[in-house]
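Single-letter residue listing:
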Amino acid sequence: MAGCALLGLAGCKLSEETGFVELRRQYAQTGAGIYRLDGEEVPGLANPTATASAIVRRRTGTVTLDFFRADRAYELCRFPLAKNRIVTVTLTLEGREIKCRVEA
C-alpha cells in the first residue's frame, strides 16, 4: 500500500516547505473520536469499526497528533517533519491507551 502511495505522490509538485504524514490505525476503535494533525481532522481515520490509514500533506516543522473525544483533546505524539519526506505514524492500542510509533 505504501508503494502505491509513493507512486501517487511522485506526480505531485511539492512546495519547499511540505512533507507527508502517513497515519496507520491498527485497531478498531470503540466509540466516536476524531484524530487531528495540528488541529485539522484526518478524514481517512473516521471509520471507527475497522483499521484505517491516511496520507496527509503538512507543513514542515513539529507536527502534533491529537485524539479528540467528548469535548476533550488528548495529545498522542509530536514529531518532526522534514521537507519532501514521509513520516509514518502507526497507532496501536495497549489496554485503553493509544500508542504512537513514529518512523521517519
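For the structure, check the block above.
In what follows, the accompanying structure is described. The model shown is predicted, which means the values in this text are computed figures rather than measured ones.

Applying the stated criterion to the full structure yields seven salt bridges. For Glu-22, the salt bridge identified is with Arg-24, shortest N-O distance 3.2 Å. Judged by relative accessible area, Glu-22 falls into the buried class, the value being 6%. Since its relative accessible area comes to 28%, Arg-24 is described here as partly exposed. One salt bridge in this structure joins Glu-97 and Lys-99, with 3.1 Å as the shortest N-O distance.

Scanning the model with the defined rule gives one aromatic pair in all. Where Tyr-35 meets Phe-67, the ring centres are 4.8 Å apart and the plane angle is 50 degrees; that geometry is what we call tilted. Here Phe-67 lies in strand 5 (residues 61-69) and Tyr-35 lies in strand 2 (residues 34-37), a separation of 32 residues in the sequence.

The phi angle at Asp-38 is positive, at roughly 50 degrees, despite the residue not being glycine. Its place among the elements puts Asp-38 in the loop between strand 2 and strand 3 (40-41). With a phi close to 50 degrees, Ala-70 is a non-glycine residue in the positive phi region.

The next subject is the side chain of Asp-66. Assignment of secondary structure puts Asp-66 in strand 5. Buried and unpaired, Asp-66 has Arg-36 as its nearest opposite-charge partner, separated by 4.7 Å. Each residue touching Asp-66, except ones within four places of it in the same chain, is listed here: Ile-34, Tyr-35, Arg-36, Tyr-74, Glu-75 and Leu-76.

On to the sheet that holds strand 4 (residues 52-59). Paired through backbone hydrogen bonds, the strands of a sheet run either parallel or antiparallel to each other. Pairing is mixed across the open sheet formed by four strands, whose spatial order is 4-1-7-8. Looking at which strands have only one partner, the edges of the open sheet turn out to be strand 4 and strand 8 (97-103). Taken pair by pair, the neighbouring strands of this sheet meet at an average axis angle of 25 degrees, ignoring direction. Bridging between strand 1 (residues 18-25) and strand 4 involves eight bridges; their strand directions are antiparallel. Counted as the bridge partner of Gly-19 is Arg-58 from strand 4.

Rules used in this analysis
Residues numbered from 1 in each chain as written. Predicted model: local features only at pLDDT ≥ 70, side-chain atom pairs only at ≥ 80, totals over all residues. Heavy atoms only, no water. Salt bridge = Lys/Arg side-chain N within 4 Å of Asp/Glu carboxyl O. Buried < 20%, exposed > 50% of the residue type's maximum accessible area, 1.4 Å probe, protein only. Phe/Tyr/Trp six-rings, centres within 6.5 Å; stacked < 30°, edge-to-face > 60°. Helix = DSSP H or I, 4+ residues; strand = E, 2+ residues; numbered from the N terminus. Lys, Arg positive; Asp, Glu negative; His and termini not counted. Contact = heavy atoms within 4.5 Å. Pairing = 2+ DSSP bridges. Axes fitted to C-alpha atoms, helices over the stretch in contact; angles between N-to-C directions.

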